[in-house]
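Per-entry structural report
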Amino acid sequence: MSISRRIFLSGAAAAPVALSAATEALGAEAHIVSSEDVIEFVYIDSASLPVGEEQHIALGLAAAADGIATAELTLRTEETSELTVLPLANASDSAVLFSFTPESAATYSLSSLSYTAGEASAVVDFSDCASPVRTFAVCAASEGEGMLTNVTTFNDAAAAEPQTVCADEDELLSEEVDLTTLSDASGNLLIALNPGHGGNDSGATSNGAREADMTWAIYQACRAELELYSGVKVFCTRTQNECPTLQERVNRAKGAGCDAYVSLHINASGGIGAEVYYPYNSSYNKDAYTVGKSLADSILSELNKLGIKNRGSKVRIIDEVGRYGYDSNGDGKYDTYADYYGDIRYSRLAGMPGIIVEHAFIDSSDYYNYLNTTGKLQALGRADATAIAKVYGLSKEADDPNRIKMYRLYNRYTGEHFYTSSTAERVNLIDCGWSSEGIAWRAPKSGDPVYRLYNPNVSGGDHHYTTSADELIDLVNRDWRHEGIGWYSDSSKAVAVYRLYNPNAVTGTHHYTTDSAERNSLVEAGWKDEGIGWYGVK
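Below: a short report on this structure. Remember, predicted model here, so these are calculated numbers, not experimental data.

Attention now goes to the nonpolar core. The biggest cluster of nonpolar side chains holds 57 residues, and the ones touching the most others in it are I191, L226, L371 and Y392. If you tally residues by element for this core, the top one is helix α11 (residues 374-391), at eight residues.

Time to look at the sheet that holds strand β23 (residues 403-411). On the basis of which strands lie adjacent, the open sheet formed by three strands has the order β24-β23-β25 and antiparallel pairing. Of all strands in the sheet, those with a lone pairing partner are β24 (416-420) and β25 (435-444), marking the two edges. Taken pair by pair, the neighbouring strands of this sheet meet at an average axis angle of 25°, ignoring direction. Bridge count between β23 and β25: seven bridges; the pairing is antiparallel. Within β25, the position partnered with R403 by the bridge is P444.

Where helix α14 (residues 516-524) begins, one side-chain oxygen reaches toward the backbone nitrogen of A517, 2.8 Å away; that side chain belongs to D515. Positive backbone phi, approximately 110°, marks G526, located one or two places after α14.

Further remarks concern the pattern of salt bridges. For the coordinates displayed, the defined rule picks out 18 salt bridges. The partner of R408 in a salt bridge is E437, and the shortest N-O contact between them spans 2.7 Å. With R408 in strand β23 and E437 in strand β25, the pair connects residues that are 29 residues apart, well separated along the chain. Classification of E437 by relative accessible area gives partly exposed; the value is 29%. Linked by salt bridges that have partners in common, E242, E248 and R252 make up one network.

Definitions and cut-offs
Starting from 1, residues in each chain are numbered consecutively following that chain's sequence as written. Where local features are concerned, this predicted model is filtered to residues with pLDDT of at least 70; where side-chain atom pairs are given and counted, the filter is 80 or more; whole-chain, interface and lining totals use all residues. Each side-chain value is derived from all of the structure's non-hydrogen atoms; neither hydrogens nor water enter the calculation. As used in this record, nonpolar core signifies buried Ala, Val, Leu, Ile, Met, Phe, Trp, Tyr and Cys residues forming a set joined through side-chain atoms within 4.5 Å. Summary of the burial criterion: residues with accessible area below 20% of their type's maximum are buried, those above 50% are exposed, and those between are partly exposed, where the area comes from a 1.4 Å probe applied to protein chains only. In this description a helix means any DSSP run of H or I spanning at least four residues, a strand means any run of E spanning at least two, and both kinds are numbered starting from the N terminus. Pairing between strands is defined by DSSP: at least two bridges between the two strands are required. Working convention: axes come from line fits to C-alpha atoms, limited for helices to the stretch in contact. Angles between N-to-C directions cover 0 to 180 degrees. Pairs of N or O atoms are called polar contacts if they sit within 3.5 Å, as long as, within protein, a hydrogen donor faces a hydrogen acceptor (for residues adjacent in sequence, only side-chain-to-side-chain pairs). Each reported salt bridge corresponds to a side-chain nitrogen of Lys or Arg within 4 Å of a carboxyl oxygen of Asp or Glu.

Here's what the structure looks like:
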């Protein structure tokens with residue numbers, strides 16, 4: 001989930017460094033072992049927590065035939081190198097659990113683990129493990145999201161105690177909301193897609209794969225599919241190589257005016273199947289619960305069609321009144337419960353339904369069945385999009401014999417925007433890592449030709465489009481390749497497509513848009529306005 005890190009170290013080797021204090025404590029029989037031979041996973045419950053909150057750390061160990069008898073985990077502060085030794089809180093044959101309540105703000109890292117199993121003793125050194133795997137931050141109580149305690153987890157088939165918490169569950173489930181009315185005044189629904197993790201935060205890792213890369217691929221496919229529907233647009237909460245905080249992601253979505261927030265994740269810890277978390281049944285922003293539940297059920301239904309086990313739509317709550325609760329009545333008296341996960345809680349506070357989609361498990365047979373190829377990840381994204389479209393009653397635009405949809409794509413490596421009417425070409429470029437930016441305009445079936453050219457002589461290549469036969473000939477004489485007629489310009493000049501030039505670029509030198517605000521923004525940024533390139537149709 002977003003607030004935790006489940007990192008599986010299949011092949012993350014740690015050099016056997018002598019840790020004198022740990023080995024001395026265990027005696028002469030203790031020996032240094034490599035983490036890749038012993039550590040199967042590291043689970044740090046919260047990447048950031050406030051002073052005074054309890055942190056939980058679980059380490060998976062290669063099965064010890066005689067069981068784990070004793071264990072100590074040593075933490076080191078990055079700022080002062082002070083060491084803190086944690087006693088064993090609980091253990092099984094293959095895992096150890098430690099708890100820690102920090103008293104001061106600092107960045108802590110796992111330094112070493114010493115343990116005995118039967119007559120054998122060992123010390124594991126974490127110094128060569130990547131920093132995101134073994135560190136967590138402790139901040140002043142007002143700064144961090146923190147580790148939420150006193151948690152109850154339940155689904156729709158929950159036991160009696162959680163049902164008592166939400167006694168009116170059945171009543172609210174019977175209420176219906178017309179989701180087709182939830183879009184903005186212009187009729188455009190705006191969906192925030194949040195690819196989990198990113199940047200230095202890899203998320204869960206196993207089988208040589210990173211959750212952050214998987215969620216980005218799912219996001220790209222979901223966006224590309226969803227934008228084929230009429231009346232919907234997509235907002236992404238992050239760029240590919242950054243990791244904003246959960247609050248910042250929701251703030252961005254709220255600032256864009258999003259109607260719903262869908263957080264995309266991959267699960268870990270060896271299970272099977274998909275599960276979706278949605279807002280709990282509260283009178284505070286009740287639509288968040290109703291819409292969130294509908295989205296969760298719909299997504300699970302579509303994922304199940306791919307063969308993925310349905311683990312259920314779930315709710316997870318926290319009962320820290322006044323800190324995380326909702327002020328349902330606006331009287332300063334907070335509800336007893338709030339949503340556990342920051343994605344969902346912040347979205348609800350921002351007035352949006354928020355859900356977390358855990359598509360499948362990275363460290364089980366799910367990986368080979370549903371996650372180990374780009375095509376499989378794209379299938380997950382398309383399933384998400386189909387489910388969202390069904391909830392909001394969206395439909396794909398019917399083919400118009402007189403209009404052609406022109407797709408716009410972006411290559412973040414070269415800076416080039418690319419335009420095409422070919423669905424197959426669009427899908428192929430998305431498969432190659434291009435980002436879909438939706439439909440740029442609609443072109444007529446006939447009219448004045450717009451020529452498409454390609455420059456193979458610059459790194460990454462570059463495309464150019466023009467209605468001018470003279471410009472076409474000039475570029476061909478400069479070794480550009482003429483790729484034929486890309487589309488046509490409307491002879492009646494219904495919708496202007498503006499042409500802009502970036503004098504500082506090598507690739508992506510020209511940009512084309514029907515949006516006058518985008519044109520003006522680029523001109524302010526130093527682009528040259530070259531007038532109207534051609535015309536689209538209404």
